[in-house]
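Inside the fold
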Amino acid sequence: MSVQKYIHKVMKSTMESTPGQAEFYQAVEEVLSTLEPLLQAEPKYDKYNILERIVIPERQILFRVVWMDDAGKIQTNIGYRVQFNSAIGPYKGGLRFHPSVNLGIIKFLGFEQIFKNSLTGLPIGGGKGGSNFDPKGKSEGEIMRFCQSFMTELSKHIGETKDVPAGDIGVGGREIGYMFGEYKRITGNFEGILTGKGLNWGGSLARTEATGFGSVYFAENILAKRGDTLEGKVATVSGSGNVAIYTIQKLYDLGAKPVTCSDSRGMIYHEKGIDLHTLKLIKEVERKGLDEYAQIHKDAVYIPVGKYPEGTNAVWGVPCDIAFPSATQNELNFADIKNLHKNGCILVTEGANMPSTPEAIHYMMENKIMYGPAKAANAGGVATSQLEMSQNASMATWSFAEVDSKLNSIMKNIFNLSYETSKEFGDEGNLMMGANIAGFRKVADSMIDQGAV
Ligand code: NDP
(Lines give C-alpha, C1' and ligand atoms only; values in the text may rest on other atoms or scores of the structure.)
Protein backbone atom coordinates (compact mmCIF):
# COMPACT_ATOMS: atom_id res chain seq x y z
CA MET A 1 0.00 0.00 0.00
CA SER A 2 1.30 3.49 -0.81
CA VAL A 3 2.07 5.81 2.09
CA GLN A 4 -0.75 8.18 1.10
CA LYS A 5 -3.19 5.26 1.07
CA TYR A 6 -1.96 4.09 4.46
CA ILE A 7 -2.48 7.57 5.97
CA HIS A 8 -5.87 7.90 4.32
CA LYS A 9 -6.95 4.49 5.64
CA VAL A 10 -6.02 5.42 9.21
CA MET A 11 -7.75 8.81 8.95
CA LYS A 12 -10.90 7.17 7.63
CA SER A 13 -11.06 4.48 10.31
CA THR A 14 -10.41 7.10 13.01
CA MET A 15 -13.37 9.16 11.82
CA GLU A 16 -15.62 6.13 11.50
CA SER A 17 -14.79 4.63 14.87
CA THR A 18 -14.92 7.87 16.87
CA PRO A 19 -17.67 10.05 15.37
CA GLY A 20 -18.14 13.73 16.20
CA GLN A 21 -14.58 14.58 17.28
CA ALA A 22 -13.68 17.37 14.81
CA GLU A 23 -10.76 18.84 16.78
CA PHE A 24 -9.27 15.38 17.25
CA TYR A 25 -9.40 14.64 13.50
CA GLN A 26 -7.80 18.03 12.84
CA ALA A 27 -4.90 17.21 15.17
CA VAL A 28 -4.45 13.70 13.73
CA GLU A 29 -4.58 14.94 10.14
CA GLU A 30 -2.02 17.63 10.90
CA VAL A 31 0.45 15.08 12.25
CA LEU A 32 -0.14 12.23 9.80
CA SER A 33 0.02 14.47 6.72
CA THR A 34 3.55 15.56 7.63
CA LEU A 35 4.86 12.03 8.29
CA GLU A 36 4.85 11.01 4.63
CA PRO A 37 8.61 11.31 4.02
CA LEU A 38 9.40 9.33 7.17
CA LEU A 39 6.92 6.59 6.30
CA GLN A 40 8.41 6.42 2.78
CA ALA A 41 11.89 5.97 4.22
CA GLU A 42 10.90 3.54 7.00
CA PRO A 43 8.38 0.81 6.08
CA LYS A 44 8.62 -0.58 9.62
CA TYR A 45 5.96 1.83 10.90
CA ASP A 46 3.45 0.35 8.47
CA LYS A 47 4.67 -3.18 9.21
CA TYR A 48 4.08 -2.73 12.95
CA ASN A 49 0.76 -0.90 12.49
CA ILE A 50 2.06 2.13 14.36
CA LEU A 51 -0.36 4.67 12.90
CA GLU A 52 -3.39 2.52 13.71
CA ARG A 53 -2.14 2.13 17.29
CA ILE A 54 -0.97 5.66 17.96
CA VAL A 55 -4.34 7.28 17.19
CA ILE A 56 -6.13 5.17 19.82
CA PRO A 57 -5.64 6.15 23.47
CA GLU A 58 -4.32 3.40 25.71
CA ARG A 59 -7.17 4.27 28.05
CA GLN A 60 -9.86 6.94 28.36
CA ILE A 61 -11.72 7.52 31.58
CA LEU A 62 -15.01 9.42 31.73
CA PHE A 63 -16.64 10.08 35.07
CA ARG A 64 -19.43 11.92 36.83
CA VAL A 65 -18.43 14.86 39.02
CA VAL A 66 -21.10 15.80 41.52
CA TRP A 67 -20.80 18.84 43.80
CA MET A 68 -23.01 21.19 45.76
CA ASP A 69 -23.31 24.87 44.85
CA ASP A 70 -23.64 27.70 47.35
CA ALA A 71 -27.43 27.59 47.14
CA GLY A 72 -27.38 23.96 48.31
CA LYS A 73 -28.28 22.60 44.85
CA ILE A 74 -26.54 19.50 43.54
CA GLN A 75 -24.67 20.11 40.28
CA THR A 76 -23.18 17.61 37.84
CA ASN A 77 -20.33 17.82 35.36
CA ILE A 78 -18.40 15.33 33.26
CA GLY A 79 -14.76 14.57 34.08
CA TYR A 80 -12.22 13.14 31.62
CA ARG A 81 -8.73 11.69 31.70
CA VAL A 82 -7.32 10.36 28.45
CA GLN A 83 -4.15 8.33 28.98
CA PHE A 84 -2.98 8.41 25.41
CA ASN A 85 0.50 6.95 25.16
CA SER A 86 3.02 5.73 27.74
CA ALA A 87 5.71 4.40 25.37
CA ILE A 88 8.39 6.78 26.65
CA GLY A 89 7.23 7.56 30.18
CA PRO A 90 4.29 8.08 32.55
CA TYR A 91 1.33 10.00 31.10
CA LYS A 92 1.78 13.74 31.47
CA GLY A 93 -0.51 16.56 30.39
CA GLY A 94 -2.81 19.21 31.79
CA LEU A 95 -6.37 19.39 33.02
CA ARG A 96 -8.72 21.88 31.34
CA PHE A 97 -11.85 23.24 33.03
CA HIS A 98 -13.96 25.02 30.43
CA PRO A 99 -17.60 24.65 29.28
CA SER A 100 -16.44 23.71 25.76
CA VAL A 101 -14.60 20.58 27.00
CA ASN A 102 -15.73 17.26 25.52
CA LEU A 103 -14.01 13.98 24.70
CA GLY A 104 -12.92 15.16 21.23
CA ILE A 105 -11.19 18.24 22.67
CA ILE A 106 -9.42 16.22 25.36
CA LYS A 107 -8.33 13.66 22.76
CA PHE A 108 -6.92 16.34 20.45
CA LEU A 109 -4.96 17.81 23.34
CA GLY A 110 -3.77 14.37 24.52
CA PHE A 111 -2.69 13.39 21.00
CA GLU A 112 -0.66 16.60 20.59
CA GLN A 113 0.85 16.01 24.00
CA ILE A 114 2.41 12.67 22.95
CA PHE A 115 4.67 14.34 20.38
CA LYS A 116 5.27 17.51 22.36
CA ASN A 117 6.47 15.53 25.36
CA SER A 118 8.67 13.41 23.15
CA LEU A 119 10.28 16.53 21.66
CA THR A 120 11.36 17.78 25.09
CA GLY A 121 13.81 14.86 25.26
CA LEU A 122 12.41 13.99 28.70
CA PRO A 123 10.85 10.65 29.71
CA ILE A 124 7.16 11.62 29.64
CA GLY A 125 4.21 10.04 27.85
CA GLY A 126 1.10 11.87 26.64
CA GLY A 127 -2.21 12.43 28.43
CA LYS A 128 -4.82 15.10 29.00
CA GLY A 129 -7.94 15.59 31.07
CA GLY A 130 -10.47 18.07 32.32
CA SER A 131 -14.11 18.83 32.70
CA ASN A 132 -16.92 20.88 31.15
CA PHE A 133 -17.09 22.74 34.49
CA ASP A 134 -17.05 26.53 34.04
CA PRO A 135 -15.03 28.21 36.80
CA LYS A 136 -16.26 31.67 35.73
CA GLY A 137 -18.57 33.29 38.25
CA LYS A 138 -18.12 30.49 40.81
CA SER A 139 -17.30 31.24 44.45
CA GLU A 140 -14.13 29.99 46.14
CA GLY A 141 -16.21 27.39 47.97
CA GLU A 142 -17.77 26.12 44.75
CA ILE A 143 -14.40 25.87 43.01
CA MET A 144 -13.00 23.97 45.99
CA ARG A 145 -15.91 21.54 46.21
CA PHE A 146 -15.76 20.90 42.47
CA CYS A 147 -11.99 20.24 42.57
CA GLN A 148 -12.37 17.89 45.52
CA SER A 149 -15.12 15.92 43.85
CA PHE A 150 -13.13 15.76 40.59
CA MET A 151 -10.09 14.40 42.46
CA THR A 152 -12.16 11.80 44.33
CA GLU A 153 -12.43 9.89 41.06
CA LEU A 154 -9.20 11.02 39.36
CA SER A 155 -7.12 9.84 42.33
CA LYS A 156 -7.87 6.23 41.36
CA HIS A 157 -6.08 6.62 38.05
CA ILE A 158 -2.99 8.77 38.66
CA GLY A 159 0.36 8.25 40.37
CA GLU A 160 3.93 9.54 40.45
CA THR A 161 5.14 6.90 38.00
CA LYS A 162 1.80 6.40 36.25
CA ASP A 163 0.10 9.67 35.33
CA VAL A 164 0.94 13.18 36.54
CA PRO A 165 -1.61 15.84 35.49
CA ALA A 166 -0.98 19.61 35.51
CA GLY A 167 -2.92 22.83 34.73
CA ASP A 168 -4.35 24.15 31.47
CA ILE A 169 -7.19 26.57 30.66
CA GLY A 170 -9.16 27.22 33.86
CA VAL A 171 -6.76 25.25 36.05
CA GLY A 172 -4.05 27.27 37.78
CA GLY A 173 -2.27 27.18 41.14
CA ARG A 174 -5.50 27.51 43.14
CA GLU A 175 -7.20 24.51 41.52
CA ILE A 176 -4.02 22.39 41.65
CA GLY A 177 -3.86 23.17 45.39
CA TYR A 178 -7.42 22.03 46.07
CA MET A 179 -6.92 18.86 44.05
CA PHE A 180 -3.59 18.06 45.69
CA GLY A 181 -5.11 18.54 49.16
CA GLU A 182 -7.95 16.17 48.31
CA TYR A 183 -5.59 13.53 46.92
CA LYS A 184 -3.61 13.67 50.16
CA ARG A 185 -6.76 13.38 52.24
CA ILE A 186 -7.93 10.33 50.29
CA THR A 187 -4.65 8.45 50.11
CA GLY A 188 -2.73 9.76 53.12
CA ASN A 189 0.30 10.20 50.87
CA PHE A 190 2.26 13.36 50.09
CA GLU A 191 3.34 12.54 46.54
CA GLY A 192 4.23 14.43 43.38
CA ILE A 193 1.05 13.41 41.57
CA LEU A 194 0.39 16.85 40.12
CA THR A 195 2.66 19.59 38.79
CA GLY A 196 2.13 23.33 39.01
CA LYS A 197 2.09 22.99 42.79
CA GLY A 198 2.62 25.89 45.21
CA LEU A 199 6.24 26.74 46.03
CA ASN A 200 5.77 25.85 49.71
CA TRP A 201 4.61 22.32 48.96
CA GLY A 202 6.65 20.84 46.14
CA GLY A 203 6.23 23.28 43.27
CA SER A 204 9.08 24.40 41.04
CA LEU A 205 10.27 27.94 40.62
CA ALA A 206 9.66 29.16 37.04
CA ARG A 207 6.88 26.63 36.33
CA THR A 208 4.29 29.42 36.24
CA GLU A 209 6.37 31.37 33.74
CA ALA A 210 7.59 28.38 31.73
CA THR A 211 5.15 28.07 28.82
CA GLY A 212 5.17 31.78 27.99
CA PHE A 213 8.93 32.17 28.50
CA GLY A 214 9.56 29.01 26.47
CA SER A 215 7.43 30.22 23.59
CA VAL A 216 9.44 33.45 23.40
CA TYR A 217 12.73 31.52 23.62
CA PHE A 218 11.52 29.42 20.71
CA ALA A 219 10.75 32.55 18.67
CA GLU A 220 14.20 33.87 19.54
CA ASN A 221 15.76 30.70 18.09
CA ILE A 222 13.74 30.94 14.88
CA LEU A 223 14.79 34.56 14.39
CA ALA A 224 18.43 33.83 15.27
CA LYS A 225 18.59 31.28 12.43
CA ARG A 226 17.81 34.21 10.09
CA GLY A 227 20.32 36.46 11.82
CA ASP A 228 17.52 38.46 13.45
CA THR A 229 16.50 39.17 17.07
CA LEU A 230 13.44 40.19 19.08
CA GLU A 231 14.91 43.60 19.84
CA GLY A 232 12.53 46.35 18.71
CA LYS A 233 9.89 43.97 17.33
CA VAL A 234 6.20 44.83 17.80
CA ALA A 235 4.29 41.76 18.97
CA THR A 236 0.61 40.87 19.08
CA VAL A 237 -0.44 38.37 21.75
CA SER A 238 -3.88 36.81 22.25
CA GLY A 239 -5.18 35.54 25.59
CA SER A 240 -4.51 36.98 29.01
CA GLY A 241 -4.04 33.81 31.02
CA ASN A 242 -0.95 32.00 32.18
CA VAL A 243 0.67 31.59 28.77
CA ALA A 244 -0.14 35.07 27.45
CA ILE A 245 0.99 36.95 30.57
CA TYR A 246 4.43 35.33 30.70
CA THR A 247 4.85 35.62 26.94
CA ILE A 248 4.31 39.35 27.33
CA GLN A 249 6.74 39.51 30.26
CA LYS A 250 9.54 37.70 28.37
CA LEU A 251 8.94 39.75 25.22
CA TYR A 252 9.69 42.89 27.24
CA ASP A 253 12.78 41.22 28.78
CA LEU A 254 14.15 40.57 25.29
CA GLY A 255 13.47 44.03 23.92
CA ALA A 256 10.20 43.52 22.03
CA LYS A 257 6.97 45.50 22.51
CA PRO A 258 3.76 43.49 23.04
CA VAL A 259 0.76 45.66 22.14
CA THR A 260 -2.30 43.40 22.51
CA CYS A 261 -3.95 40.85 24.77
CA SER A 262 -7.45 39.37 24.85
CA ASP A 263 -9.90 37.27 26.81
CA SER A 264 -13.12 35.48 25.98
CA ARG A 265 -15.02 38.78 26.06
CA GLY A 266 -12.77 41.17 24.12
CA MET A 267 -9.32 42.47 23.25
CA ILE A 268 -7.02 45.34 24.25
CA TYR A 269 -4.79 47.24 21.86
CA HIS A 270 -2.34 49.44 23.70
CA GLU A 271 -0.02 51.01 21.15
CA LYS A 272 2.60 52.11 23.64
CA GLY A 273 2.81 48.55 25.02
CA ILE A 274 0.67 46.41 27.37
CA ASP A 275 1.12 47.41 31.00
CA LEU A 276 2.12 44.12 32.63
CA HIS A 277 1.39 45.27 36.15
CA THR A 278 -2.22 46.21 35.30
CA LEU A 279 -2.71 43.01 33.32
CA LYS A 280 -1.51 40.80 36.18
CA LEU A 281 -3.63 42.71 38.68
CA ILE A 282 -6.81 42.33 36.64
CA LYS A 283 -6.28 38.72 35.57
CA GLU A 284 -4.22 37.05 38.30
CA VAL A 285 -5.49 38.90 41.36
CA GLU A 286 -8.94 40.32 40.66
CA ARG A 287 -9.94 37.71 38.02
CA LYS A 288 -11.91 40.32 36.05
CA GLY A 289 -12.52 41.08 32.37
CA LEU A 290 -10.15 43.12 30.18
CA ASP A 291 -12.64 45.97 29.88
CA GLU A 292 -11.20 46.99 33.29
CA TYR A 293 -7.82 47.56 31.60
CA ALA A 294 -9.29 50.28 29.37
CA GLN A 295 -10.82 51.92 32.46
CA ILE A 296 -7.33 52.27 33.92
CA HIS A 297 -5.45 53.08 30.69
CA LYS A 298 -7.50 55.62 28.77
CA ASP A 299 -5.12 55.50 25.78
CA ALA A 300 -5.79 51.76 25.27
CA VAL A 301 -8.51 50.56 22.90
CA TYR A 302 -10.94 47.85 24.08
CA ILE A 303 -12.96 45.97 21.46
CA PRO A 304 -15.62 43.53 22.74
CA VAL A 305 -15.90 40.20 20.87
CA GLY A 306 -19.24 41.15 19.25
CA LYS A 307 -17.56 44.14 17.58
CA TYR A 308 -14.74 42.20 15.89
CA PRO A 309 -14.74 42.54 12.08
CA GLU A 310 -16.86 39.70 10.64
CA GLY A 311 -15.09 36.31 10.66
CA THR A 312 -11.87 37.54 12.26
CA ASN A 313 -10.13 37.87 15.61
CA ALA A 314 -9.44 41.60 16.13
CA VAL A 315 -6.06 40.82 17.74
CA TRP A 316 -4.71 39.73 14.37
CA GLY A 317 -5.88 42.93 12.69
CA VAL A 318 -3.31 44.94 14.64
CA PRO A 319 -0.07 45.67 12.71
CA CYS A 320 2.89 43.73 14.13
CA ASP A 321 6.18 42.02 13.26
CA ILE A 322 5.49 38.84 15.23
CA ALA A 323 2.32 37.16 16.55
CA PHE A 324 1.80 34.86 19.55
CA PRO A 325 -1.61 33.15 19.60
CA SER A 326 -1.84 32.14 23.28
CA ALA A 327 -5.54 31.68 24.11
CA THR A 328 -7.19 28.63 22.56
CA GLN A 329 -7.62 26.33 19.53
CA ASN A 330 -8.57 27.65 16.08
CA GLU A 331 -8.32 31.30 17.11
CA LEU A 332 -6.28 32.31 14.04
CA ASN A 333 -7.97 31.57 10.72
CA PHE A 334 -7.33 32.20 7.03
CA ALA A 335 -8.69 35.78 7.13
CA ASP A 336 -6.56 36.47 10.22
CA ILE A 337 -3.31 35.25 8.69
CA LYS A 338 -4.00 37.29 5.56
CA ASN A 339 -4.46 40.36 7.77
CA LEU A 340 -1.23 39.63 9.62
CA HIS A 341 0.66 39.12 6.36
CA LYS A 342 -0.72 42.31 4.83
CA ASN A 343 0.41 44.25 7.89
CA GLY A 344 3.97 42.92 7.71
CA CYS A 345 4.00 40.04 10.23
CA ILE A 346 6.98 37.74 9.62
CA LEU A 347 6.59 35.12 12.36
CA VAL A 348 3.77 33.28 14.16
CA THR A 349 4.73 31.35 17.30
CA GLU A 350 1.99 29.24 18.89
CA GLY A 351 1.69 29.48 22.67
CA ALA A 352 -1.78 27.91 22.68
CA ASN A 353 -2.49 24.38 21.44
CA MET A 354 -3.56 24.20 17.76
CA PRO A 355 -4.48 27.92 17.60
CA SER A 356 -4.05 28.15 13.81
CA THR A 357 -6.58 26.55 11.47
CA PRO A 358 -5.22 24.21 8.74
CA GLU A 359 -5.98 26.91 6.12
CA ALA A 360 -3.96 29.47 8.09
CA ILE A 361 -1.02 27.07 8.40
CA HIS A 362 -1.15 26.34 4.67
CA TYR A 363 -1.09 30.07 3.95
CA MET A 364 1.98 30.52 6.17
CA MET A 365 3.82 27.75 4.37
CA GLU A 366 2.90 29.13 0.93
CA ASN A 367 3.89 32.68 1.82
CA LYS A 368 7.07 31.87 3.74
CA ILE A 369 5.83 33.31 7.01
CA MET A 370 8.01 31.79 9.73
CA TYR A 371 5.96 29.39 11.84
CA GLY A 372 6.66 27.98 15.31
CA PRO A 373 4.16 25.12 15.74
CA ALA A 374 2.56 24.61 19.16
CA LYS A 375 4.02 21.16 19.80
CA ALA A 376 7.48 22.62 19.74
CA ALA A 377 6.92 26.24 20.76
CA ASN A 378 4.79 25.67 23.87
CA ALA A 379 6.60 22.58 25.13
CA GLY A 380 8.41 24.64 27.79
CA GLY A 381 5.49 24.22 30.18
CA VAL A 382 5.46 20.46 30.21
CA ALA A 383 9.26 20.32 30.17
CA THR A 384 9.37 22.40 33.34
CA SER A 385 6.64 20.22 34.84
CA GLN A 386 9.01 17.32 34.35
CA LEU A 387 11.73 19.35 36.08
CA GLU A 388 9.25 19.72 38.96
CA MET A 389 8.84 15.92 39.01
CA SER A 390 12.62 15.49 39.08
CA GLN A 391 12.94 17.90 42.01
CA ASN A 392 10.13 16.08 43.86
CA ALA A 393 11.73 12.69 43.27
CA SER A 394 15.13 13.83 44.54
CA MET A 395 13.69 16.15 47.23
CA ALA A 396 15.71 18.98 45.74
CA THR A 397 14.82 22.64 45.13
CA TRP A 398 16.46 24.41 42.22
CA SER A 399 16.75 28.18 41.97
CA PHE A 400 14.70 30.23 39.50
CA ALA A 401 17.82 30.91 37.43
CA GLU A 402 18.70 27.21 37.32
CA VAL A 403 15.23 26.16 36.10
CA ASP A 404 15.02 29.06 33.65
CA SER A 405 18.40 28.16 32.21
CA LYS A 406 17.38 24.50 31.78
CA LEU A 407 14.16 25.72 30.11
CA ASN A 408 16.17 27.91 27.75
CA SER A 409 18.41 24.97 26.74
CA ILE A 410 15.43 22.66 26.30
CA MET A 411 13.78 25.16 23.94
CA LYS A 412 17.02 25.52 21.97
CA ASN A 413 17.28 21.73 21.72
CA ILE A 414 13.67 21.43 20.55
CA PHE A 415 14.29 24.07 17.90
CA ASN A 416 17.51 22.40 16.73
CA LEU A 417 15.94 18.95 16.64
CA SER A 418 12.91 20.22 14.66
CA TYR A 419 15.13 22.20 12.30
CA GLU A 420 17.63 19.40 11.70
CA THR A 421 14.82 16.90 11.14
CA SER A 422 13.18 19.20 8.58
CA LYS A 423 16.53 19.32 6.79
CA GLU A 424 16.97 15.54 6.95
CA PHE A 425 13.61 15.09 5.21
CA GLY A 426 14.21 17.64 2.48
CA ASP A 427 12.18 20.66 3.61
CA GLU A 428 14.63 22.79 5.56
CA GLY A 429 12.96 25.22 7.94
CA ASN A 430 9.54 23.50 7.90
CA LEU A 431 9.37 23.22 11.67
CA MET A 432 5.92 21.67 11.68
CA MET A 433 7.17 18.73 9.67
CA GLY A 434 10.44 18.56 11.62
CA ALA A 435 8.70 18.64 15.01
CA ASN A 436 6.08 16.07 14.04
CA ILE A 437 8.59 13.62 12.59
CA ALA A 438 11.09 13.99 15.45
CA GLY A 439 8.37 13.67 18.11
CA PHE A 440 6.73 10.71 16.36
CA ARG A 441 9.90 8.78 15.58
CA LYS A 442 11.01 8.42 19.20
CA VAL A 443 7.57 7.30 20.39
CA ALA A 444 7.01 4.94 17.45
CA ASP A 445 10.42 3.30 17.82
CA SER A 446 9.75 2.80 21.53
CA MET A 447 6.40 1.20 20.72
CA ILE A 448 8.11 -1.20 18.35
CA ASP A 449 10.71 -2.08 21.02
CA GLN A 450 7.96 -2.83 23.53
CA GLY A 451 6.13 -5.31 21.33
CA ALA A 452 2.42 -5.76 20.70
CA VAL A 453 1.06 -3.61 23.52
P1 NDP B 1 -5.68 30.27 31.09
O2 NDP B 1 -6.97 29.71 31.56
O3 NDP B 1 -4.71 30.77 32.08
O4 NDP B 1 -5.95 31.46 30.03
C5 NDP B 1 -6.68 31.24 28.87
C6 NDP B 1 -6.89 32.58 28.19
O7 NDP B 1 -7.50 32.38 26.94
C8 NDP B 1 -7.80 33.49 28.97
O9 NDP B 1 -7.44 34.82 28.70
C10 NDP B 1 -9.17 33.17 28.39
O11 NDP B 1 -10.12 34.22 28.55
C12 NDP B 1 -8.81 32.98 26.93
N13 NDP B 1 -9.74 32.04 26.30
C14 NDP B 1 -10.02 30.77 26.68
N15 NDP B 1 -10.93 30.22 25.87
C16 NDP B 1 -11.21 31.17 24.96
C17 NDP B 1 -12.08 31.21 23.85
N18 NDP B 1 -12.83 30.16 23.52
N19 NDP B 1 -12.12 32.37 23.13
C20 NDP B 1 -11.35 33.43 23.46
N21 NDP B 1 -10.51 33.44 24.50
C22 NDP B 1 -10.45 32.33 25.23
O23 NDP B 1 -5.03 29.13 30.18
P24 NDP B 1 -3.51 29.00 29.69
O25 NDP B 1 -2.91 30.34 29.49
O26 NDP B 1 -2.86 28.03 30.58
O27 NDP B 1 -3.70 28.25 28.29
C28 NDP B 1 -3.81 28.97 27.05
C29 NDP B 1 -3.48 28.04 25.91
O30 NDP B 1 -2.14 27.54 26.06
C31 NDP B 1 -4.36 26.78 25.79
O32 NDP B 1 -4.47 26.42 24.43
C33 NDP B 1 -3.53 25.73 26.51
O34 NDP B 1 -3.87 24.41 26.10
C35 NDP B 1 -2.14 26.12 26.05
N36 NDP B 1 -1.03 25.61 26.86
C37 NDP B 1 -0.94 25.92 28.19
C38 NDP B 1 0.13 25.47 28.93
C39 NDP B 1 0.33 25.86 30.35
O40 NDP B 1 1.40 25.55 30.91
N41 NDP B 1 -0.60 26.56 31.01
C42 NDP B 1 1.14 24.59 28.33
C43 NDP B 1 1.02 24.42 26.91
C44 NDP B 1 -0.06 24.89 26.22
P45 NDP B 1 -10.92 34.42 29.94
O46 NDP B 1 -9.95 35.10 30.87
O47 NDP B 1 -12.08 35.27 29.58
O48 NDP B 1 -11.31 33.05 30.40
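Residues numbered from 1 in each chain as written. Predicted model: local features only at pLDDT ≥ 70, side-chain atom pairs only at ≥ 80, totals over all residues. Heavy atoms only, no water.

Re the overall build of the chain
- Counting secondary structure elements, the chain contains 18 helices and 13 strands.
- For the chain, whose C-alpha radius of gyration is 21 Å, the value lies close to the compact-globule estimate of 22 Å for 453 residues.
- Once the C-alpha set of the chain is aligned to its principal axes, its extents read approximately 60 × 55 × 45 Å.
- Within the chain, the fraction of its 453 residues that count as buried is 57%.
- Taking the intrachain contacts of the chain between residues at least 6 apart in sequence as the baseline, contacts between residues at least 24 apart amount to 70%.
- When the accessible area of the chain is evaluated, it comes to approximately 18000 Å², of which 52% is carbon and sulfur surface.
- If you average the places of the 47 positive and of the 51 negative side-chain charges in the chain, the two averages end up 3 Å apart. (Helix = DSSP H or I, 4+ residues; strand = E, 2+ residues; numbered from the N terminus. Rg over C-alpha atoms; globule rule 2.2 N^0.38 Å. Buried < 20%, exposed > 50% of the residue type's maximum accessible area, 1.4 Å probe, protein only. Contact = heavy atoms within 4.5 Å. Areas by Shrake-Rupley, 256 points an atom, 1.4 Å probe, with all protein chains shown as cover. Lys, Arg positive; Asp, Glu negative; His and termini not counted. Charge placed at Lys NZ, Arg CZ, Asp CG, Glu CD.)

Thoughts on the site of the ligand
- In the neighbourhood of the ligand, 24 residues make up the surrounding shell, with Lys 136, Asp 168, Thr 211, Ser 264 and Asn 353 lying closest.
- Take Gly 170: an N or O atom from its main chain is 3.0 Å from an oxygen atom of the ligand.
- For the ligand, an oxygen atom lies 2.9 Å from a polar atom in the backbone of Asn 242.
- Coverage of the ligand by the protein amounts to 82% of the 890 Å² it exposes when considered alone.
- Of all the elements in the fold, those that place two or more residues in the shell around the ligand are helix H9 (207-225) and helix H10 (242-253).
- Partitioning the shell around the ligand into residue classes produces four nonpolar, 14 polar and six charged.
- Composition of the shell around the ligand by domain shows at least three residues from each of domain 1 (3-191) and domain 2 (210-372). (Near = heavy atom within 4 Å. Polar contact = N/O pair within 3.5 Å; in protein donor to acceptor, adjacent residues only side chain to side chain. Nonpolar A, V, L, I, M, F, W, Y, C, P; charged D, E, K, R; others polar. Domains from an automatic or database assignment.)

Some thoughts on the environment of Gln 75
- Mapping Gln 75 onto the fold places it in strand S2 (residues 74-85).
- Residue class for Gln 75 comes out partly exposed when judged on its relative accessible area of 27%.
- Remark: the alpha-carbon pair of Gln 75 and Ala 27, spanning 48 residues in sequence, is separated by 32 Å.
- Aside from chain neighbours lying at most four places away, what touches Gln 75 is Val 65, Val 66, Trp 67 and Asp 69.
- Separated by 2.9 Å, the side chains of Gln 75 and Asp 69 make a polar contact.

As for the sheet that holds strand S4 (residues 125-131)
- The five strands are arranged S1-S2-S4-S3-S5 in an open sheet whose pairing can be described as mixed. Looking along the sheet, the strands with just one partner apiece sit at the ends: strand S1 (59-68) and strand S5 (163-166). Strand after strand, the sheet turns through a mean of 20° between neighbouring axes, direction not considered.
- Pairing analysis gives six bridges linking S2 to S4, with the strands arranged antiparallel. Bridging from a neighbouring strand, Gly 79 pairs with Ser 131 of S4.
- Sheet contacts for helix H6 (residues 103-119): S1, S2, strand S3 (91-97) and S4; angle to S4, the most-contacted strand, approximately 155°. (Pairing = 2+ DSSP bridges. Axes fitted to C-alpha atoms, helices over the stretch in contact; angles between N-to-C directions.)

Regarding the layout of surface pockets
- Size it by volume and the second largest pocket reaches roughly 390 Å³.
- Around the second largest pocket, the lining is made up of 17 residues, and of these Arg 226, Lys 368, Glu 428, Gly 429 and Asn 430 lie nearest the centre.
- When residues of the lining of the second largest pocket are traced back to their parent elements, those giving at least two are H9, helix H14 (358-366), strand S13 (370-372), helix H17 (400-424) and helix H18 (431-449). (1 Å grid on protein atoms, 1.4 Å probe; cavity = no way out; pocket = protein on both sides within 12 Å on 5 of 7 lines; lining within 4 Å. Points joined across faces, edges and corners; volume = space filled by probe spheres on them.)

Here we look at the sheet that holds strand S10 (residues 301-304)
- Spatial ordering of the open sheet is given by S8-S9-S10, a layout of three strands whose pairing is antiparallel. At either margin of the open sheet sits one strand with a lone partner, and together these are strand S8 (260-262) and S10. Along the sheet, successive strands turn relative to each other by an average axial angle of 15°, direction set aside.
- In terms of strand pairing, strand S9 (residues 266-269) meets S10 through four bridges, oriented antiparallel. Counted as the bridge partner of Met 267 is Ile 303 from S10.

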